[in-house]
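# Topology and contacts: notes
This is what each chain is made of:
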Amino acid sequence: MGKGKGREDVTGLEDVDWTRQFDQLDLESKTEADIAAAGLESEDELSRQFEELWKEKSGMALRLRESGGSLQEAALAYEASVQRDSHALDAEAWMFLGQIQAENEKETAAIRALERAIELDDACLPAYTSLAVSYVNEGYDQQAYATLESWIRHRFPDIPIPDGAVAPMDLRARVIDAYLTAARQGPQSPEGGSVDADVQLGLGVLLYGGGEFDKAVDCFVAALEVRPEDYLLWNRLGATLANSGRSEEAINAYHRALDLRPSFVRARYNLGVSCINIGCHREAAEHFLGALSMHGDGQTAVNVSNSLWETLRRVFYMMERRDLAEMAHPGADIKEFRQEFDF
């Protein structure tokens, strides 16, 4: 989570040929020609074979993500499946795509995918919280509060929540009251523990969105007591600590997130920002370069967030290295920076 990134238009996934980029990674073993050459003349059989191939890509994406593999490859695998037939994927697949995009510092694409997941299945509860986090990151606070209210209505249907449109801050207060009521009911999550981690997470996002960072920290810490291996929670804790002026503590939280998921681009980006905040510009540059290296080098780099390059340029200017800043642009070969930086 990181507030103040702007209010860019939410664009679709269809503007980029993800299928071609994914194929360039050599993750596909068969083509239409391969199937035709095998003598599969039936159109139904051909369709079935292709469906199996694209399901395999989705499965590969999930395995890459769960095993801590390249988020770039996982995102491309899901995006290729989406581009093949966006209607064939279920809500869970869209949710995973959205979560991967968010982890990959591609927030607007994440929002589009997560909205699609909820459109397909309004009971896909994990998608609501992920979407709310992405909304907050992009400055869409009202949408975040409404999304979290939808989550609490689905998860705790017995909690009375007034209906009707209200002013943004009144909506936030109404949703916070509902989450506090849920918290008082005690844990209902499968992990057990003294608190409900999902409720604490949602409450933390609500408090974060209103600038109540110290209270949000308490919520995320409580959730981590139940889910100590949740790298997303560690990153959210880090972002909240950073926004409350506790950069050193934030760095520790980001390191924990990266210990759990080394390929987590967003945590590495956030770590670089915290290094800037404490004046460690060289270390910040190395973290940004490390995040960029996860996307590939030079012309092979795909699915790269422009904010990574923009922030890298800024830190080079802070280092009074205009020569490096002029080299830092989308499509640049990051190997050129290895002569001076370790990443």
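Here the structure is a predicted model, which is why all the values come from computation and not from measurement.

### A word on a negative patch on the surface
- Where like charges cluster on the molecular surface, the negative patch consists of Asp90, Glu92, Asp121 and Asp122.
- The residue Asp90 is located in the loop between α4 (71-84) and α5 (91-103) in this model.

### Digging into unusual backbone geometry
- Even without being glycine, Glu105 reaches a positive phi, approximately 65°.
- Mapped onto the elements, Glu105 comes out in the loop between α5 and α6 (107-120).
- Residue Glu105 is classed as buried on the basis of its relative accessible area, which comes to 4%.

### Remarks on the packing of aromatic side chains
- Overall, the coordinates contain eight aromatic pairs when judged by the stated rule.
- Judged by centre distance (5.6 Å) and plane angle (15°), the ring pair of Trp151 and Tyr179 falls under stacked. Here Trp151, found in helix α8 (residues 141-155), pairs with Tyr179, found in helix α9 (residues 168-184); they are 28 residues apart in sequence, far enough to count as distant.
- On the accessibility criterion, Trp151 (2% relative accessible area) is buried.
- An angle of 45° between the planes, with centres 5.6 Å apart, marks the rings of Tyr269 and Phe288 as tilted.

### Notes on the nonpolar core
- Counting 91 residues, the largest nonpolar core has Tyr179, Leu312, Phe316 and Phe337 as the members making the most contacts within it.
- In terms of residue count, the dominant contributor to this core is helix α11 (residues 213-226) (nine residues).
- Residues within four places of Phe337 in sequence aside, it is in contact with Leu289, Trp309, Phe316, Leu324, Met327, Ala328 and Phe343.

### Section: the side chain of Arg236
- Its location among the elements puts Arg236 in helix α12 (residues 231-243).
- One buried charged residue, Arg236, remains without a salt bridge, the closest side chain of opposite sign being Asp230 at 5.7 Å.

### Some words on the UniProt feature "repeat: TPR" (unreviewed entry) in the protein
- Mapped onto this structure's residue numbering, the UniProt feature "repeat: TPR" (unreviewed entry) falls at residues 91-124, 197-230 and 231-264.
- With 79% helix and 0% strand, the stretch residues 197-230 has end C-alpha atoms that lie 11 Å from each other.
- As a span, residues 231-264 carries 79% helix and 0% strand, and end to end its C-alpha atoms are 9 Å apart.

### Let's talk about the packing of α11 against α12
- Packing of α11 against α12 brings their axes to within 9 Å, and their N-to-C directions diverge by 160°. Between α11 and α12, the angle is such that the two are roughly antiparallel. With respect to the hand of their crossing, α11 and α12 are arranged in left-handed fashion. Residues Phe213, Ala216, Val217, Phe220, Val221, Ala223 and Leu224 of α11 lie in contact with α12, whose contacting residues are Leu233, Trp234, Arg236, Leu237, Thr240, Leu241 and Asn243.
- Within the contact of α11 with α12, the residues separate by chemical class into 11 nonpolar, two polar and one charged.

Rules of the game
- Residues numbered from 1 in each chain as written.
- Predicted model: local features only at pLDDT ≥ 70, side-chain atom pairs only at ≥ 80, totals over all residues.
- Heavy atoms only, no water.
- Patch = residues over 30% accessible without salt bridge, like charges linked within 9 Å, V, L, I, M, F, W, Y side chains within 5 Å.
- Areas by Shrake-Rupley, 256 points an atom, 1.4 Å probe, with all protein chains shown as cover.
- Salt bridge = Lys/Arg side-chain N within 4 Å of Asp/Glu carboxyl O.
- Lys, Arg positive; Asp, Glu negative; His and termini not counted.
- Charge placed at Lys NZ, Arg CZ, Asp CG, Glu CD.
- Helix = DSSP H or I, 4+ residues; strand = E, 2+ residues; numbered from the N terminus.
- Buried < 20%, exposed > 50% of the residue type's maximum accessible area, 1.4 Å probe, protein only.
- Phe/Tyr/Trp six-rings, centres within 6.5 Å; stacked < 30°, edge-to-face > 60°.
- Core = buried A, V, L, I, M, F, W, Y, C linked by side-chain atoms within 4.5 Å.
- Contact = heavy atoms within 4.5 Å.
- UniProt positions renumbered as here; feature names shortened; annotations may be inferred.
- Axes fitted to C-alpha atoms, helices over the stretch in contact; angles between N-to-C directions.
- Parallel < 35°, antiparallel > 145°, perpendicular 65-115°, else oblique.
- Left-handed = near helix turned anticlockwise from the far one by under 90°.
- Nonpolar A, V, L, I, M, F, W, Y, C, P; charged D, E, K, R; others polar.

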